[in-house]
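Given next are the chains, with one letter for each unit.
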Amino acid sequence: MTHSLERFPHLGRRALLGGALGFGALAASRTRAVAAPLTRAIPSSGEQMPLVGLGTWITFNVGRDPAALDASAAVMRAFFEGGGRMIDSSPMYASSQDTVGYGLRKLGRQDAVFSAEKVWTSSTEGGPQQIEESRREWGVQRFDLMQVHNLLAWQEHLPRLQAMKREGRLRYVGITTSEGRRHDEFVRIMEREPLDFVQVTYNVLDREVERRILPLARERGIAVIANRPFREKALLRALADKELPPWSADIGAASWAQFVLKFIVSHPAIVCAIPATTRVDHVRENLAAASGPLPDEATRQRMADYVAAL
Amino acid sequence: MEGWSSYALSDFLLFSPQTYFRQFALINEAAMPLPVLLHALAAALLWLSSISTPRRGRIVLIGLAVLCAGSAWLFHWRSYAAINWIAPWFAAGFAMQAALLLFSGAAGGFKSDSPSRAGTLLARGVAIACVILYPLQAVVFGRPWREAELIGISPDATALFTAAMIVLLRPSRRRLLLVLPMAWLVIGLLTLKTMGAPEVWTLGALCLGLLAATIAGRKDRAADRSAPAPGD
């Protein structure tokens, strides 16, 4: 294994105490979870982050449907029980923020979440108002990470986010893009601005970021979040009827989802991949990809070649 | 702005097909019996239009205004807006269509030339399909019957029915009255196609029927105009 990885210390301590001291039913239910996910440090702070998070694009936009809201809360419960922390959303995702807020309030886990949000407005003045609305919808005291969504009006938003960070109203600042949009400009911003995080599309087929963005992130000490790990299900659908290679067991991948996620999070620049799902079994499966062995560089190349050949 | 131009249509499809169709179940449940009454109103309007008189035509236009207002309020504003932040604009479009229909119904005025037989048949066929087939497609495509798309709620069914009835009735401001329903049908088709929903085939086929009805009507009227008058 080539990467420096640490266990999620918070859950580890909880498990240890729960087991050794015979804590109550609540602690026991939380320690039932599978092995805590592997973590990687956020370069700008050293804070450890579980390698698999939870995206909300499409899956959490359920409107006012009570059944779907409860189903999303169940996904979040499984996510937290499995040691997950980062949940990512955006004002662009319609009711997804309300759904996250509903889940956090229902589960009482506002303190457990690493809240990753975005500002998405071309209005210079509208940014702070949008961030405040998002904060109210989440029901958190402050966001951990605020990102400029798809670089929209980044020249106006970034200075403001940096100021909010200095005032302690945010912990981290970042920018996002997806599906290869505006990478040249993205790189220029990474080179010039003091960023804690960048978010890009990265998976076993979408590897363009390996060329410039991921090496630059390592060089500049910027944490990378990988979005669209499954190309919004399309990748898993395409792989569904294909055989996993026999050597996938060597890296602990029991499914295509785990195979793809292990490829992503084994890149040393990636701090968190954020697959979105509506299913409890899938969130558990995704989190399990952040445990056990991770592929080394040679195996990663073999994985990419294997999928490309299918 | 460069930021906006980098988006594709699929980027603005913020919900899954399950969530989209689930909106119909939620509305049908919450607003019952209103959705059934609105659909029954559509059936009654279709029956009324079978005998073409100016008075009946005006009643039908006012009835269509009620259906468009129903879809604007119950679907776009109260339900769809929760999962799609563009929906309030759609609600405004449907409300505007309701106002246009109401004005047109109050003002009256219908084409007095003989209607095209082919155009009439096709338009009536599309309207009948909206009343009978559209609610059934939920079950046909494996969804729960509670998700039935009823006229007066479903924007696709409402726009299609409204457009077919306008082609059928031939009110004097026909082109103006067709603009918004036709625009919605394009949006509806793109939404279903981007979601990969099989319902796109039903809507697509009925849109073709509507288009054929419009073209047939125009061709027949052109032929009427060029034919020699009796006694020439």
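Residues numbered from 1 in each chain as written. Chains lettered and ligands numbered in written order. Predicted model: local features only at pLDDT ≥ 70, side-chain atom pairs only at ≥ 80, totals over all residues.

J.: What exactly am I supposed to notice about the packing of helix α10 (residues 256-265) of chain A against helix α11 (residues 280-288) of chain A here?
T.: When two helices pack together, their arrangement is given by the angle between their axes and by how far apart the axes lie. All names here are of chain A. Closest axis-to-axis distance for the α10/α11 pair is 8 Å, and the angle between their directions is 40°. Considered as vectors, α10 and α11 are oriented oblique to each other. Crossing hand, α10 versus α11: right-handed. Between α10 and α11, the contacting residues are A257, Q258 and L261 on the first element and E285, N286 and A288 on the second. (Axes fitted to C-alpha atoms, helices over the stretch in contact; angles between N-to-C directions. Helix = DSSP H or I, 4+ residues; strand = E, 2+ residues; numbered from the N terminus. Parallel < 35°, antiparallel > 145°, perpendicular 65-115°, else oblique. Left-handed = near helix turned anticlockwise from the far one by under 90°. Contact = placed C-beta atoms within 7 Å.)

J.: Any chance you could explain the nonpolar core here in plain terms?
T.: In a soluble, globular protein the nonpolar side chains are often hidden away together inside. Grouped together as the largest cluster of nonpolar side chains are 149 residues, with contacts concentrated most on A:V224, B:L160 and B:A164. Ranked by the residues each element gives to this core, the list is headed by helix α8 (residues 155-169) of chain B, at 11 residues. Excluding residues that lie within four positions of it along the chain, A:V224 makes contacts with A:V198, A:V200, A:L214, A:A217, A:A269, A:I270 and A:V271. (Core = buried A, V, L, I, M, F, W, Y, C linked by C-beta atoms within 7 Å. Buried ≥ 20, exposed ≤ 12 C-beta atoms within 10 Å, placed from the backbone.)

J.: Teacher, can you tell me more about the interface of chain B and chain A here?
T.: Across the boundary between the two partners, chain B contributes 15 residues, which contact 17 residues of chain A. Looking at side-chain class alone, the side of chain B that touches chain A contains 7 nonpolar, 7 polar and 1 charged residues. (Nonpolar A, V, L, I, M, F, W, Y, C, P; charged D, E, K, R; others polar.)

J.: Before we go on, may I ask you to explain the packing of helix α3 (residues 34-48) of chain B against helix α6 (residues 117-132) of chain B in this structure?
T.: Residue and element names in this part refer to chain B. Running from N to C, α3 and α6 point in directions that differ by 155°, and their axes come no closer than 10 Å. One element, α3, and the other, α6, form an angle in the roughly antiparallel class. Crossing angle aside, the handedness with which α3 passes α6 is left-handed. Contact with α3, carried on its side by A42, A43 and L46, involves A127, I128 and V131 of α6 and no other residues of that element. Counted by class, the contact of α3 with α6 contains 6 nonpolar, no polar and no charged residues.

These figures capture arrangement, not role.
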